[in-house]
Amino acid sequence: MFELSFMRNAFMAGTFIAIVSGTIGVFVMARSMSFLTHTLSEIGFAGASFAVFAGWPALNGMLLFTMLSSVLVGQMSIKESRREAVISAVSALFIGLGILFLSLSSQTASSATSILFGSVVGISRQEVWQLVGLSLLVMVVVMIGYRQLKFDSFDAVGARVNGINSTLISVVFLLLLALSVSVAAQIVGSLLIFILLTLPAASAKYFTHGVAKMIVLAILFAMLGTWLGLYLGYLTNWPVSFFIAVIEVMIYVTALIFQHLVND
Amino acid sequence: MIISLITVKNLTLAYGDKNIVDDLSFSLAPGDFLVVIGDNGVGKTTLVRSLLGQLKPKKGVIEMPDKLKIGYVPQFRNLDEEYPLSIKDFVALNAGKSLRPWLNQKERQQLHHILELTDLTRIQDRLLGQASGGEKQRAYLAQALLGNPRLLILDESTASLDNEMKYELLDLVAKLQKQGLSVIFITHDWDLARSYGTRYLKMMPDSYQTGSIEEFRQGVKNV
């Protein structure tokens, strides 16, 4: 399998995607932001479609769209009372835009499939390096701001009274989330981003109760899904995203059962 | 004469045009246990916000040392029973803003010391979401103490506790106060105020009273 260069690229990209998704996922869960991950993935879809239309690499289009809109959407949906309406409006607009860009470009069907559901074959060595670079950027920022991000995410009330600048933290985090969504979409596709950005972290919290341990475990879960998914996809020629989805869901169900058993 | 830690002079606090606190003056010395008592809506939490620097006075001044470390245990925290962190990890959130992601030995020792002090060592690995009301309040207190404050502000921290737990929590706070910590305790509970306070500040819609706790006891008797 590793004699094929696209598989080597996919494993390398998948590894870094798992690291970023597991890490950011823990904070997404703590900040109750799963909803925003969905919205950003739809915005990412529009961005990728725009890239296809404009003849750019899909990743660049996603980065452009998600980075520009993440802070705005995040601020608009702070109020829980109007969150659902905001999400519907934003999702509708960007899915519509995505469809428009795809229909305007010449190469519709296959590129739409790979944007929405991910593609392993398509990742070039150069894109792998771009993914690695973006992943390192996300990880370095998380490391530097770790204590403050952790405090603000897991106890916003306490963080505020202890002089942590919540506004700054949330803006930086939204940008990190936009980066992570764009990165993760390269393998699982924009429709299934939340598989890697929320499920591994949601599973991890049932097994351990410290933030650092949760991050490590979430990374392991994401990595297990990505590696095994790539391998099974290679064996069967079925979509990799399908396998990753099934594996992550199985891990999550196992976590729920584990939690149930421990509590009884 | 004792040098005071905080001196509030002619303080007026307002949201927009509406004055919440009007022309308030009081002082707090190191080691004081000041009970702030009064009905809902008289501005107790507003006063705290101004002490924390979150609300600028409309008039008057608050004199306190630069960079006075204040530990604040807020009234509300929405942590449900699914809250994923252990008591120890929750307390450790306030370990300081260092760029180093992990705790060094000194920080770990301090954490250990605070958990010991607040009687949480035995249950430090338990999930905070599943802890009892009293244990949660102790964890909130421990988190505030980890910042090594000189002044501790408790905002209705005993409101949700049963009687026994109230006294347990305040016994602990009183112990810290005897070691030199200054305390501001906001409460509705007159019994607790009488038992633990050294000074009081009674806030009413248009006026206030302040003085030693003996004067407060006297006042209550006269009513």
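The model shown is predicted, which means the values in this text are computed figures rather than measured ones.

Undergrad: Tell me what's going on with the overall build of chain B, and back it up with residues and numbers.
TA: Looking only at helices and strands, chain B features seven helices and nine strands. Taking 223 residues into account, the globule formula puts the C-alpha radius of gyration at 17 Å, and chain B, at 18 Å, falls close to it. Projected onto its principal axes, the C-alpha positions of chain B cover 45 × 40 × 40 Å. Taking the intrachain contacts of chain B between residues at least 6 apart in sequence as the baseline, contacts between residues at least 24 apart amount to 70%. Distance between charge centroids for chain B: 6 Å, based on 28 positive and 27 negative side chains.

Undergrad: Give a detailed account of the UniProt feature "transmembrane region" (unreviewed entry) in chain A, specifying residues and quantitative values.
TA: The feature "transmembrane region" (unreviewed entry), as given by UniProt, occupies residues 12-30, 50-73, 85-108, 128-146, 183-202, 214-234 and 240-262 of chain A in the numbering adopted here. Secondary structure within residues 183-202 of chain A divides into 75% helix and 0% strand; the distance between the first and last C-alpha atoms comes to 20 Å.

Undergrad: With reference to specific residues and values, describe the interface of chain B and chain A.
TA: It is common to give the size of an interface as the accessible area lost on bringing the parts into contact. Contacts between the two partners involve 30 residues from chain B, matched on the other side by 25 residues from chain A. Summed over both partners, the interface of chain B with chain A comes to about 2200 Å²; 53% of that surface belongs to carbon and sulfur atoms. Of all residues in chain B, Leu-93, Lys-97 and Pro-101 of chain B give up the largest surface area on contact with chain A, accounting jointly for 27% of the area buried on that side. Linking chain B to chain A there are three salt bridges. Inspection of the chain B/chain A interface yields 13 residue pairs in polar contact (both at pLDDT 80 or more). Per-class residue counts for the side of chain B that touches chain A are 15 nonpolar, eight polar and seven charged.

Undergrad: Account for the pairing of strand β5 (residues 70-73) of chain B, naming residues and giving values.
TA: All names here are of chain B. Residue alternation in β5 divides its side chains into two sets, Ile-70 and Tyr-72 and Gly-71 and Val-73, and both sets are buried. Across four bridges, the pairing between β5 and strand β6 (residues 151-155) is parallel. Bridge assignment links Ile-70 to a residue of β6, and that residue is Leu-151.

Undergrad: Explain the packing of helix α6 (residues 125-144) of chain A against helix α9 (residues 166-188) of chain A residue by residue, including any values.
TA: All names here are of chain A. Axis separation between α6 and α9 bottoms out at 10 Å; the angle between their running directions is 150°. By the angle between their axes, α6 is roughly antiparallel relative to α9. As α6 packs across α9, the resulting crossing turns out to be left-handed. Packed against α6, whose contacting residues are Leu-131, Leu-134, Ser-135, Leu-137, Val-138, Val-141 and Val-142, the element α9 presents Val-172, Leu-176, Leu-179, Ser-180, Val-183 and Gln-186 at the interface. In terms of residue class, the contact of α6 with α9 is built from 10 nonpolar, three polar and no charged.

Undergrad: Quick one: what's the story with the packing of helix α7 (residues 146-154) of chain A against α9 of chain A, residue by residue and with numbers?
TA: Residues and elements named next belong to chain A. Axis separation between α7 and α9 bottoms out at 10 Å; the angle between their running directions is 100°. In this view, α7 runs roughly perpendicular relative to α9, as classed from their interaxial angle. Of α9, the residues touching α7 (which contributes Gln-148, Leu-149 and Asp-152) are Ser-166, Ile-169 and Phe-173. Looking at side-chain class alone, the contact of α7 with α9 contains three nonpolar, two polar and one charged residues.

Undergrad: Pulling in residues and values, what's your account of the side chain of Thr-226 of chain A?
TA: Residue and element names in this part refer to chain A. Looking at where Thr-226 falls in the secondary structure, it is placed in helix α12 (residues 211-236). Here the side chain of Thr-226 touches Ala-222 through a polar contact of 2.5 Å, landing on its backbone oxygen. Ignoring anything within four residues of it in the chain, the contact list for Thr-226 reads Gly-14, Ala-18, Leu-196 and Ile-244.

Undergrad: So what's going on with unusual backbone geometry? Residues and values would help.
TA: A negative phi angle characterises most non-glycine residues, just as the trans form characterises most peptide bonds. In this structure, Asn-237 of chain A is a non-glycine residue whose phi angle is positive, near 70°. When you line up the elements, Asn-237 of chain A lands in the loop between α12 and α13 (240-263). Residue classification places Asn-237 of chain A among the exposed positions, given a relative accessible area of 70%. Within the chain, Asp-119 of chain B stands out as a residue other than glycine whose phi angle is a positive 60°. With respect to the helices and strands, Asp-119 of chain B occurs in the loop between α3 (105-117) and α4 (133-146). Judged by its relative accessible area of 52%, Asp-119 of chain B is exposed.

Undergrad: Describe the pattern of salt bridges, with residues and values.
TA: Any two side chains of opposite charge can pair if their charged atoms end up close together. This model, assessed by the stated rule, comprises 10 salt bridges over all chains. Where Asp-155 of chain A meets Arg-77 of chain B, a salt bridge forms, and the shortest distance between an N and an O atom there is 2.9 Å. Separated into two different chains, Asp-155 of chain A in the loop between α7 and α8 (156-161) and Arg-77 of chain B in the loop between β5 and α2 (87-92) make up a pair that spans both. For the pair Asp-155 of chain A and Arg-77 of chain B, a shared accessibility class is recorded, and that class is buried. In this structure, Lys-166 of chain B and Asp-189 of chain B form a salt bridge, with 3.5 Å as the shortest nitrogen-oxygen distance. You can see Lys-166 of chain B sitting in helix α5 (residues 163-178) and its partner Asp-189 of chain B sitting in the loop between β7 (182-187) and α6 (190-196), a full 23 residues away along the chain. For the pair formed by Lys-166 of chain B and Asp-189 of chain B, the shared burial category is buried.

Undergrad: Got a sec to walk through the confidence of the model for chain B? Specific residues and values, please.
TA: Residues and elements named next belong to chain B. When the pLDDT values of chain B are averaged, the result is 90; 97% of them are 70 or greater. Within chain B, the lowest mean pLDDT, 74, falls on helix α7 (residues 213-222), and the highest, 97, falls on α2. Note on the complex model: pTM 0.90, ipTM 0.89.

Undergrad: Explain the packing of aromatic side chains to me, using residue names and the numbers behind them.
TA: Residues and elements named next belong to chain A. With the rule as written, the count across this model stands at 22 aromatic pairs over all chains. Considering the side-chain rings of Phe-50 and Trp-56, the 5.5 Å spacing of their centres and the 90° angle between planes classify their relative orientation as edge-to-face. The class of Trp-56 is partly exposed, set by a relative accessible area of 39%. Relative to Phe-101, the ring of Phe-50 has its centre 5.0 Å away and its plane inclined at 70°; by these criteria the two rings are edge-to-face. Here Phe-50 is found in helix α2 (residues 34-54), whereas its partner Phe-101 is found in helix α4 (residues 80-104), with 51 residues between them in sequence. Accessibility expressed as a relative area gives 11% for Phe-101, which makes it buried. Members of the aromatic cluster, each reached through a chain of ring pairs, are Phe-50, Phe-53, Trp-56, Phe-65, Phe-94 and Phe-101.

How each quantity is defined
Residues numbered from 1 in each chain as written. Chains lettered and ligands numbered in written order. Predicted model: local features only at pLDDT ≥ 70, side-chain atom pairs only at ≥ 80, totals over all residues. Heavy atoms only, no water. Helix = DSSP H or I, 4+ residues; strand = E, 2+ residues; numbered from the N terminus. Rg over C-alpha atoms; globule rule 2.2 N^0.38 Å. Contact = heavy atoms within 4.5 Å. Lys, Arg positive; Asp, Glu negative; His and termini not counted. Charge placed at Lys NZ, Arg CZ, Asp CG, Glu CD. UniProt positions renumbered as here; feature names shortened; annotations may be inferred. Buried area = accessible area lost by both parts, 1.4 Å probe. Salt bridge = Lys/Arg side-chain N within 4 Å of Asp/Glu carboxyl O. Polar contact = N/O pair within 3.5 Å; in protein donor to acceptor, adjacent residues only side chain to side chain. Nonpolar A, V, L, I, M, F, W, Y, C, P; charged D, E, K, R; others polar. Buried < 20%, exposed > 50% of the residue type's maximum accessible area, 1.4 Å probe, protein only. Pairing = 2+ DSSP bridges. Axes fitted to C-alpha atoms, helices over the stretch in contact; angles between N-to-C directions. Parallel < 35°, antiparallel > 145°, perpendicular 65-115°, else oblique. Left-handed = near helix turned anticlockwise from the far one by under 90°. pLDDT = per-residue confidence, 0-100. Phe/Tyr/Trp six-rings, centres within 6.5 Å; stacked < 30°, edge-to-face > 60°.

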